Amino acid sequence: ACLVGSEMCIRDSYIILNKRRIYIMMFSFVVPAYNAERSIRSCLDSILVQTFSDFEIVVINDGSTDSTLSILRKYLRKTKKLRVYSFENSGVSITRQRGINLSNGEYIILVDSDDTVNPNLLENLYSSIQRYNNPDIIRYQAKLLNDSDYKDHNRYNFFDDNKVVLSGLDALKEWSIPGKKYAVYWLFAFKRTVFSNVLFFPDLKCHEDIALIPLLVAASKSVVTLSYIGYNYTCNNPGSITNTKNKEAERSRAKDFVKAYNYATRNFARLCNVSTLDYDFFVSDFDRRLIDKYNSLSEDLQEELAELFGI
């Protein structure tokens, strides 16, 4: 069976949902926030100064125990563009799903609460939407802040001015370069209908993007890549779950990576537009990434998790 989810009926910039009429704006920023008191102000401020005005900000407060919610309440008094929803702590996977479901934009941009966007991001995206006839996904470039000196500072970036518009499958093939990364939510603006191509969000503490981004891209008919640097990613944030430095956290991340690998490779074959050759290419690329992840583990964890990784 093909991997296809439910669709919603959109007419005249309104969606009919439970007999309510909700205005569909052009863009929704979705910001998951957990104990983000140190960064949420700069994140929101960077969004609020966008030069294109047709947008909303949906913040999902994921059970924060610091002053995050208090800060958000102050912003609610300052702007009508912000909506805040609070839930018990559920993790970033469920939080992102909630934000997407509660947003109204035709295009969705996911922003981590410790990052910022540049002021002309939406203006550049809107120009591309008009020029390239409403593409399913638009990728832009990122600047890495506080990055380690020894790392490739452009590892999340890709641009070929001869291949600005590609099918999703062709885009994945272009982006599958050793040492380069693309499977992160914050690199893209997604057309809302793209999310109907996955059945559910896997329950992972991290690496959910590795499980889902390839599926979202592969199922898309048109992917546009911009040379514009629209996103500022904060590396080595000590508060991030991906940067927690202890053996237990490293073990948990490794196990989630394998779960993400299994989810992506299993469901990639179920996409309606994927051929046997496409699947073989994708699995080969993900096998390489799985080996790279295993090689990055400490020696004792390599020994412990070798069977899980199929080594």
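Residues numbered from 1 in each chain as written. Predicted model: local features only at pLDDT ≥ 70, side-chain atom pairs only at ≥ 80, totals over all residues. Heavy atoms only, no water.

**Student:** What's the story with the overall build of the protein in this structure? I'm lost.
**Tutor:** Helix and strand content of the protein: nine helices and 12 strands. When burial is assessed residue by residue, the protein has 53% of its 311 residues classed as buried. For the protein, long-range pairs separated by at least 24 residues make up 78% of all intrachain contacts whose partners lie at least 6 apart in sequence. Carbon and sulfur atoms provide 48% of the accessible area of the protein, an area that totals close to 15300 Å². (Helix = DSSP H or I, 4+ residues; strand = E, 2+ residues; numbered from the N terminus. Buried < 20%, exposed > 50% of the residue type's maximum accessible area, 1.4 Å probe, protein only. Contact = heavy atoms within 4.5 Å. Areas by Shrake-Rupley, 256 points an atom, 1.4 Å probe, with all protein chains shown as cover.)

**Student:** Is there a simple way to think about the packing of aromatic side chains in this case?
**Tutor:** To describe a pair of aromatic rings, you give the distance between the ring centres and the angle between the ring planes. As enumerated under the stated definition, the model contains 17 aromatic pairs in all. Ring centres of Phe27 and Tyr107 lie 6.2 Å apart, and the angle between their planes is 45°; this geometry places the pair in the tilted category. Residue Phe27 is found in strand E4 (residues 27-33), and its partner Tyr107 is found in strand E7 (residues 107-110); the two are separated by 80 residues along the sequence. The pair Phe27 / Tyr107 is uniform in exposure class, with both members buried. One aromatic cluster in this structure is built from Trp175, Tyr182, Tyr185, Phe188, Phe190 and Phe195. When the ring centre of Phe55 is taken as reference, the NZ or CZ atom of Lys81 above it lies at 4.4 Å. Between Arg139 and the ring centre of Trp175, over which it is positioned, the NZ or CZ distance is 4.6 Å. (Phe/Tyr/Trp six-rings, centres within 6.5 Å; stacked < 30°, edge-to-face > 60°. Lys NZ or Arg CZ within 6 Å of the ring centre and 35° of its normal.)

**Student:** Sorry, what's going on with the pairing of E4 here?
**Tutor:** Looking along a regular strand, one sees side chains alternate from face to face of the sheet. The buried fraction of E4 is high, at seven of seven residues. Sheet topology note: the E4/strand E5 (residues 55-62) ladder contains seven bridges and is parallel. Considered in E5, the bridge of Phe29 is made with Ile57. Where the polypeptide runs from E4 across helix H1 (residues 40-48) and back to E5, its parallel neighbour, the crossover connection is right-handed. (Pairing = 2+ DSSP bridges. Right-handed = clockwise from strand over helix to strand, strands pointing away.)

**Student:** Explanation requested: the pairing of strand E6 (residues 82-87) in the structure shown.
**Tutor:** In this structure, E5 lies alongside E6, joined through six bridges in parallel fashion. Opposite Val58, over in E6, you have Arg83 as the bridge partner.

**Student:** Just checking my understanding: could you explain unusual backbone geometry for this structure?
**Tutor:** It is generally the case that most residues other than glycine have a negative phi and that most peptide bonds are trans. Look at Asn35: it is not a glycine, yet its phi comes out positive at around 45°. Note that Asn35 resides in the loop between E4 and H1. The phi dihedral of His207 falls on the positive side, at around 70°, and the residue is not glycine. Residue position: His207 is located in the loop between strand E11 (188-191) and helix H6 (208-218). Judged by relative accessible area, His207 falls into the buried class, the value being 16%.

**Student:** Would you mind going over the nonpolar core with me for this structure?
**Tutor:** General note: in soluble globular proteins, nonpolar side chains tend to be found buried as a group. Phe27, Phe29, Leu125 and Phe190 are the most contacted members of the largest nonpolar core, which totals 91 residues. Setting aside its immediate chain neighbours within four residues, Phe29 contacts Ile47, Gln50, Phe55, Glu56, Ile57, Val58, Ile109, Val111, Val117, Leu121 and Leu122. (Core = buried A, V, L, I, M, F, W, Y, C linked by side-chain atoms within 4.5 Å.)

**Student:** How should H1 be read in this particular structure?
**Tutor:** Helical periodicity: at 3.6 residues per turn, an α-helix aligns residues three or four positions apart in one direction. Burial in H1 covers these residues: Ile40, Cys43, Leu44, Ser46 and Ile47. The buried residues of H1 occupy an angular sector of 160° when the element is viewed end-on, so they sit on one face. The inward-facing, buried residues of H1 abut E4, E5, helix H2 (68-78) and strand E8 (116-117). (Arc of directions from axis to C-beta.)

**Student:** I keep staring at the pattern of salt bridges and nothing clicks. Help me out?
**Tutor:** Pairing between side chains of opposite charge can happen when their charged atoms approach one another. Per the stated rule, a full pass over the model turns up 11 salt bridges. Between Lys163 and Glu174 there is a salt bridge, and its shortest N-O distance comes to 2.8 Å. Taken together, the residues span a long stretch of sequence, with Lys163 in the loop between strand E9 (137-145) and strand E10 (165-166) and Glu174 in helix H5 (residues 168-175) at a distance of 11 residues. Overall, Lys163 belongs to the partly exposed group, its relative accessible area being 32%. On the accessibility criterion, Glu174 (23% relative accessible area) is partly exposed. Two residues, Arg251 and Glu304, come together in a salt bridge whose shortest N-O distance is 2.7 Å. Of this pair, Arg251 sits in helix H7 (residues 247-268) while Glu304 is found in helix H9 (residues 299-305), placing the two residues 53 residues apart along the sequence. (Salt bridge = Lys/Arg side-chain N within 4 Å of Asp/Glu carboxyl O.)

**Student:** What am I meant to see in the packing of H5 against H6 here?
**Tutor:** For any two helices packed against each other, one specifies the crossing angle of their axes together with the interaxial distance. Between H5 and H6, whose axes approach to 7 Å, the crossing angle comes to 130°. Taken as axis vectors, H5 and H6 run oblique relative to one another. When H5 is examined against H6, the residues Gly168, Leu169, Ala171, Leu172 and Trp175 are found in contact with a partner set consisting of Pro214, Val217 and Ala218. Residues belonging to the contact of H5 with H6 are distributed by class as follows: seven nonpolar, one polar and no charged. (Axes fitted to C-alpha atoms, helices over the stretch in contact; angles between N-to-C directions. Parallel < 35°, antiparallel > 145°, perpendicular 65-115°, else oblique. Nonpolar A, V, L, I, M, F, W, Y, C, P; charged D, E, K, R; others polar.)

From the geometry alone we can't say anything about function, so treat these as descriptive.
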